[in-house]
Amino acid sequence: MHNIILNTQKIISNVLEHFLQNESTNSNIQKIFIEKFYSYVSEGDISQIDIEILSKSALDVLEFMDSRTDYSPKIKVYNPTYNNDIENEVNNTEIYMINNDKPFIIDSIIETLNRYNLNIKLLIHPIFAVERDKNGKLINLYKDLSDNDSFTQESVVQITLDRRISENKIKKMLYWY
């Protein structure tokens, strides 16, 4: 068990190192996000994914999380492409969701995807203590969940499906959310 944790921590360190080498801004929010985003993911789930893709993926989710109006659920479905030598196009659909943390969010998502015979390749689900301004702009993230009234506990979900699906089809499936 300790080797798995150490190996996952090494992957996170490599993602952070890649981020620091390639980003013009080195904000504390981005570092906290990357560290916590991958901290509960099994090494086996991410060890075969290129560090550049892991870094870009985490920052894409953070960018998606940057603003959230009226604290309603926020969903993004897309088919990612990367302009680099590693992969020109990834053949998976990505789903991002931000919501106030509630019981059974993941169970409901999995049930819906199963109903449409869609398989999950990777699921990442950290919960952050989030501070936002009155317009919903992200001010700060905290690693530790807090009972402080000024923070909201937000559930951040990234799902990678095992194949590419039309964005319209998934949006229709998730209309209930």
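Remember, it's a predicted structure, so these values are computed and weren't measured experimentally.

Locating Q30 in the fold gives a position in helix α2 (residues 28–37). It is 9.1 Å that separates the C-alpha atoms of Q30 and L16, two residues lying 14 residues apart in sequence.

Turning next to the confidence of the model for the chain. Per-residue pLDDT for the chain has a mean of 80; in total, 82% of the residues score no lower than 70. Within the model, the stretch residues 1–5 combines pLDDT values under 50 with one contact to residues more than four positions away or in other chains.

The next thing to look at is the pattern of salt bridges. As enumerated under the stated definition, the model contains six salt bridges in all. The salt bridge involving K56 is made with D60; its shortest N-O contact spans 3.1 Å. Remark: D60 and K56 occur in helix α4 (residues 51–65); sequence separation between them is four residues, near one turn of the helix. In this structure, R115 engages E111 in a salt bridge whose closest nitrogen and oxygen atoms are separated by 3.3 Å. Of this pair, R115 and E111 both sit in helix α5 (residues 105–115), four residues apart, which is roughly one turn of that helix. Residues participating in the shared-partner salt-bridge network are R68, R132 and E154.

A word on the nonpolar core. Formed by 30 residues in total, the largest nonpolar core has its most connected members in F33, F37, Y38, L62, M65, L141 and V156. Listed by contribution, the elements that provide at least two residues to this core are α1 (2–22), α2, α4, β2 (94–100), β3 (120–124), β4 (127–132) and β5 (138–142). If we ignore the near neighbours within four places in the chain, the residues touching F37 are A58, V61, I124, P126, F128, V156 and Q158. If you look at the next biggest cluster of nonpolar residues, it comprises 13 residues, including I95, I106, L113 and I165.

What counts, and at which threshold
- Throughout, a residue's number is its position along its own chain's written sequence, starting from 1.
- For a predicted model such as this one, the threshold for reporting local features is a pLDDT of at least 70, and the threshold for listing and counting side-chain atom pairs is 80 or more; totals across whole chains, interfaces and linings nevertheless cover every residue.
- Just so you know, side-chain values use all the structure's heavy atoms and leave hydrogens and water out.
- Runs of E in the DSSP output that reach at least two residues are strands. Runs of H or I that reach at least four are helices, and both are numbered from the N terminus.
- For every residue, the predictor assigns a confidence score, pLDDT, that lies between 0 and 100.
- Throughout, a contact is declared for two residues whenever any of their heavy atoms are within 4.5 Å.
- Definition used for salt bridges: Asp or Glu carboxyl oxygen within 4 Å of a side-chain nitrogen of Lys or Arg.
- By nonpolar core is meant a set of buried Ala, Val, Leu, Ile, Met, Phe, Trp, Tyr and Cys residues that side-chain atoms within 4.5 Å join together.
- The classification of residues rests on relative accessible area computed with a 1.4 Å probe and restricted to protein chains. Under 20% of the type maximum is buried, over 50% is exposed, and intermediate values are partly exposed.

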